[in-house]
Amino acid sequence: MYGSKMNDSQTIIEVKNLKAGYNGIEVLKDINFSVYKGEIFVIIGCSGSGKSTLLKHMIGLYSPISGDILIKGESIVNARDEEKKRIMRNFGVLYQSGALFNSYTIGENVALPLEEFTEFSANEIANIVKEKLSLVGLEGCERLMPYECSGGMKKRAGLARAMALNPEILFFDEPSAGLDPIMSAKLDRLILNIRAELNTTMVIVTHELDSIYAIADRVMMIGGEEKTVIAVGKPFELRESQNKTVREFFTRDGLISKIH
Amino acid sequence: MRKNTESSIRISQRKSVIEHIGNSTLQFLKDIYSICQITGETAILLYKAVKTPKKIRWRESLYYMDSCGADAVPIVSTLCFIMGLIIGIQSALQLRKYGGDIFVADAVAYSIIKELAPFMVAIICTGRAGSAFAAEIGTMKVSEEIDAIYTMGLEPGRFLIVPKVLALVFVMPLLTMIGNLAGLLGGLSVAIIQLQMSFSAYYNRTFSILLPRHFAEGITKSIIFAFIISIIGCWKGLDSGNDAQGVGRAATSAVVTSIFLIVIADFAITMLVNVWF
């Protein structure tokens, strides 16, 4: 299995023999990998390779055809409803569009998990909301409605909400989608800062090469004809990979080589 | 786009009539199953809500009470008043032949209180609330808000379904009472203007024939219709496709399915109350 050389006690997410699909069609098979505590693990692949599908299985939205997914040693696949909800509180998710609730302000969105799962008073919750929004560069934006925010602000607000309960793991689904290069770079910096401050483990689905080089500790490429893991390693290792598909992904089919 | 349309027409033509009937029957049975499933799940959610009222999303409930209730008062009053006028005029035309002008009050009272007010309110709320619920939840599905609720460890039903059900179950009986009053006023207008009946004669006749169980029948219908409209609207939203077309279809389907089930329920309650017992 990819990553099994590391000390098992550092493993925080484990995917074992995962087979996933829709309506009888296999999308992914024999997916095996581990994610370690505190690392930024990036999942890449060509369009339609199943990256978002894999992520949605890892966060418990879909059930696989077979295989298992362990979050901090507990199976999210085989868990009953109440156990599954408890496991889900170990992680936060930033969706591609931010997925903010449009009838709530930014502050109310961030406060929601705190109101539901903690015994904090209203003042304490307000202070935590302020702190989380400040961490993502949205101080003073509590009263804004999502429709009053730019795409970048929505993503950062979504990130603040995902971090509300101080989860050990954060999942990101195409965090740079729809952002300009400057905002994308700011988000990358934010991800690195959060990891530095909180040692949060992050699993990021993206195909933005600049982000991959900037933030990834390890990268896993999935897809291909076998619909499985093609390669795992550091970004610059994969760039020099013997596998043509991997190399072409990182060099944009030789285009970068031609430019440079 | 034209190529896709042509190829999809060719594909659909390949299916036989029997296949179409079979597919439609299967889909109908699946829909019945889904309705039973969501009704059962909603019943469990409402039971939990009654047990722990603090966990009810009151803010959302109040919002829906306002948008589905308060905002609907003008249209409910107007349409039920007009219904009262129509019933009054139609019944007066026939009853006059037999010197039974006073029985216009009976016709209007029974029709409005037992049947038309709850039915009209249900139709109005289906169009206003049922389609809105389906569209709102469908849009939330497209923008991954429902996924976000789920992955936060929250129950989507508690957030999305319970506030809507509670709001409609609370406001629809109130709207029905307003509809009752408006309908009776419509009948009164016909009695006074067309039949030269006095206010006291109409009033006394109306309230001498109406019994508490007649009001109870109308209010019971409105409560059951409220459950139908809110549950079907939420179900269609949760079941919608992940695109704009899917959301539109969900809204339309919510209205059509709700009206169908409202009529069935109306018939069942009418038979239960007036024929079998």
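These numbers were taken from a predicted model, which means no experiment stands behind them.

## Some points on the sheet that holds strand β6 (residues 91-94) of chain A
All names here are of chain A.
And step 1. Within the open sheet, the 6 strands sit side by side as β6-β7-β8-β3-β9-β10. Their pairing is mixed. Sheet topology places β6 and β10 (228-233) at the edges, where each strand pairs with a single neighbour. Across the sheet, the axes of successive neighbouring strands diverge by a mean angle of 15°, strand direction being ignored.
And step 2. One ladder, built from 5 bridges, connects strand β9 (residues 218-223) with β10; its direction is antiparallel. Its bridge partner lying in β10, G223 is registered against T228.
And step 3. Contacts from helix α6 (residues 181-198) reach β3 (40-44), β7 (169-173) and β8 (201-205), with the element oriented near 160° to β8.
And step 4. Across the sheet, helix α9 (residues 244-251) lies against β3, β9 and β10, angled at about 115° from β9, the strand it touches most.

## Overview of the domain arrangement of chain A
Residues and elements named next belong to chain A.
And step 1. By domain assignment, chain A separates into domain 1 (11-90 + 169-259) and domain 2 (100-166).
And step 2. Centre-to-centre separation of domain 1 and domain 2, based on C-alpha positions: 25 Å.
And step 3. Listed as interface residues are 14 residues of domain 1 and, on the opposing side, 11 residues of domain 2.
And step 4. Among the residues of domain 1 in contact with domain 2, R89, L170 and L190 are the three that bury the most area, contributing 42% of the side total.
And step 5. At the junction of domain 1 and domain 2, the tally comes to 0 salt bridges.
And step 6. Counting the contacts that link domain 1 with domain 2 gives 3 residue pairs in polar contact (both at pLDDT 80 or more).

## Details of the pattern of salt bridges
All names here are of chain B.
And step 1. Tallied over the full model, the rule gives 22 salt bridges over all chains.
And step 2. The partner of E155 in a salt bridge is K48, and the shortest N-O contact between them spans 3.6 Å. Taken as a pair, E155 in the loop between α6 (145-151) and α7 (156-160) and K48 in helix α2 (residues 17-51) lie far apart in primary sequence, 107 residues in all.
And step 3. Among the residues examined, E155 registers a relative accessible area of 22% and is labelled partly exposed.
And step 4. The partly exposed category is assigned to K48, whose relative accessible area is 37%.
And step 5. In this structure, K221 and E115 form a salt bridge, with 2.7 Å as the shortest nitrogen-oxygen distance. Of this pair, K221 sits in helix α10 (residues 212-238) while E115 sits in helix α5 (residues 104-142); the two residues are 106 residues apart in sequence, bridging distant segments of the chain.

## Overview of the packing of aromatic side chains
And step 1. Taken as a whole and assessed by the stated rule, the structure comprises 10 aromatic pairs over all chains.
And step 2. With 6.2 Å between their ring centres and 75° between their planes, F101(A) and Y104(A) make a pair best called edge-to-face.
And step 3. Summarising the aromatic geometry, the rings of Y63(B) and Y64(B) are spaced 5.3 Å apart at their centres and angled 65° between planes, so their arrangement reads as edge-to-face.
And step 4. For Y63(B), a relative accessible area of 52% puts it in the exposed group.
And step 5. Each residue in the set Y213(A), F236(A), F249(A) and F250(A) is aromatic and connected to the rest through ring pairs, giving one cluster.
And step 6. One residue, K164(B), lies across the ring of F133(B), its end atom 5.7 Å from the ring centre.

## Some words on the nonpolar core
And step 1. Ranked by size, the top nonpolar core spans 84 residues in total, and within it L54(A), M58(A) and F171(A) carry the most contacts.
And step 2. For this core, the element with the highest residue contribution is α5(B), accounting for 9 residues.
And step 3. Counting residues in each nonpolar core, the second largest holds 46 residues, with I40(A), I125(A), A157(A) and A162(A) among its members.

## A closer look at the side chain of T201(A)
All names here are of chain A.
And step 1. With respect to the helices and strands, the residue T201 is situated in strand β8.
And step 2. We classify T201 as buried; its relative accessible area is 0%.
And step 3. Engagement of the side chain of T201 in a polar contact is seen with the backbone nitrogen of G38, the distance being 2.8 Å.
And step 4. Apart from the residues lying within four places of it in its own chain, the contact partners of T201 are I12, V35, Y36, K37, G38, E39, E168, I169 and L170.

About the criteria used
- Residues numbered from 1 in each chain as written.
- Chains lettered and ligands numbered in written order.
- Predicted model: local features only at pLDDT ≥ 70, side-chain atom pairs only at ≥ 80, totals over all residues.
- Heavy atoms only, no water.
- Pairing = 2+ DSSP bridges.
- Helix = DSSP H or I, 4+ residues; strand = E, 2+ residues; numbered from the N terminus.
- Axes fitted to C-alpha atoms, helices over the stretch in contact; angles between N-to-C directions.
- Contact = heavy atoms within 4.5 Å.
- Domains from an automatic or database assignment.
- Buried area = accessible area lost by both parts, 1.4 Å probe.
- Salt bridge = Lys/Arg side-chain N within 4 Å of Asp/Glu carboxyl O.
- Polar contact = N/O pair within 3.5 Å; in protein donor to acceptor, adjacent residues only side chain to side chain.
- Buried < 20%, exposed > 50% of the residue type's maximum accessible area, 1.4 Å probe, protein only.
- Phe/Tyr/Trp six-rings, centres within 6.5 Å; stacked < 30°, edge-to-face > 60°.
- Lys NZ or Arg CZ within 6 Å of the ring centre and 35° of its normal.
- Core = buried A, V, L, I, M, F, W, Y, C linked by side-chain atoms within 4.5 Å.

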